[in-house]
Amino acid sequence: QVQLVESGGGLVEPGGSLRLTCAASESIFYNNAMGWYRQAPGKEREMVASISSDGSTNYADSVKGRFTISRDNVKNTVYLQMNSLKPEDTAFYYCNTPRGAKMGYWGKGTLVTVSP
């Protein structure tokens, strides 16, 4: 099956931390770059972090230094460690391959809410 399942979202205070998890099917994960995307209310979806199949990473300027993306190629899982969270980080977070994002194929996402 082709499957992406995000988990780990929740309500946190500003300055807090969360770790998001994405469980992917082998057909999606193997030899593919993976990314974390988010969509905040009233805004377009944006990529916040990506990781290549060999572990090279890239981050949006808005999250650089606060978020860390990683992957486990044995477990077919990608993670997003989010520290020093800000209210503007509030969004639905999704994982995907660049191809899947381009084609508009999205999972359910997981909601991150940063609020006092």
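The structure under discussion appears in the preceding block.
Here goes a summary of the coordinates provided.

Cut-offs applied
- Residues numbered from 1 in each chain as written.
- Predicted model: local features only at pLDDT ≥ 70, side-chain atom pairs only at ≥ 80, totals over all residues.
- Heavy atoms only, no water.
- Pairing = 2+ DSSP bridges.
- Helix = DSSP H or I, 4+ residues; strand = E, 2+ residues; numbered from the N terminus.
- Axes fitted to C-alpha atoms, helices over the stretch in contact; angles between N-to-C directions.
- Disulfide = S-S within 2.5 Å.
- Buried < 20%, exposed > 50% of the residue type's maximum accessible area, 1.4 Å probe, protein only.
- Core = buried A, V, L, I, M, F, W, Y, C linked by side-chain atoms within 4.5 Å.
- Contact = heavy atoms within 4.5 Å.

## With respect to the sheet that holds strand S1 (residues 4–7)
In space, the four strands of this open sheet follow the order S1-S3-S8-S7, with antiparallel pairing throughout. Lying at the two open borders of the sheet, with one neighbouring strand each, are S1 and strand S7 (67–72). Along the sheet, successive strands turn relative to each other by an average axial angle of 15°, direction set aside. Relative to strand S8 (residues 77–82), strand S3 (residues 18–24) is paired through six bridges, and the arrangement is antiparallel. By the bridge assignment, Cys 22 is partnered in S8 with Val 78.

## Some thoughts on the state of the cysteines
Counted under the stated rule, the structure contains one disulfide. In this model, Cys 22 is linked to Cys 95 through a disulfide, with the two sulfur atoms separated by 1.9 Å. Torsion about the S-S bond of the Cys 22 and Cys 95 cystine: about 60°, corresponding to right-handed handedness. Taken together, the residues Cys 22 in strand S3 and Cys 95 in strand S9 (residues 91–96) connect sequence positions 73 residues apart. Of the residues examined, Cys 95 reaches a relative accessible area of 0% and is grouped as buried.

## Topic: the sheet that holds strand S5 (residues 46–51)
Across the sheet, which stays open at both edges, the six strands sit in the order S2-S10-S9-S4-S5-S6 with mixed pairing between neighbours. Both edges of this open sheet fall to strand S2 (10–12) and strand S6 (57–59), since each of them pairs with a single strand only. In this sheet, adjacent strand axes meet at a mean angle of 25° when their direction is disregarded. With three bridges connecting them, S5 and S6 associate as antiparallel partners. If you follow Ile 51 over to S6, its bridge partner there is Thr 57.

## Details of the nonpolar core
One recurring pattern in soluble globular proteins is that nonpolar side chains are buried together. In terms of nonpolar packing, the biggest core is built from 27 residues, with Met 34, Trp 36, Val 78, Leu 80, Met 82 and Tyr 93 touching the most fellow members. Elements with a minimum of two residues in this core: S3, helix H1 (26–29), strand S4 (34–39), S5, S7, S8, S9 and strand S10 (110–114). Considering each element in turn, this core owes the most residues, four residues, to S3. Apart from the residues within four sequence positions on either side, Val 78 is in contact with Leu 20, Thr 21, Cys 22, Phe 29, Met 34, Trp 36, Ile 51, Ile 69, Ser 70, Arg 71 and Cys 95.

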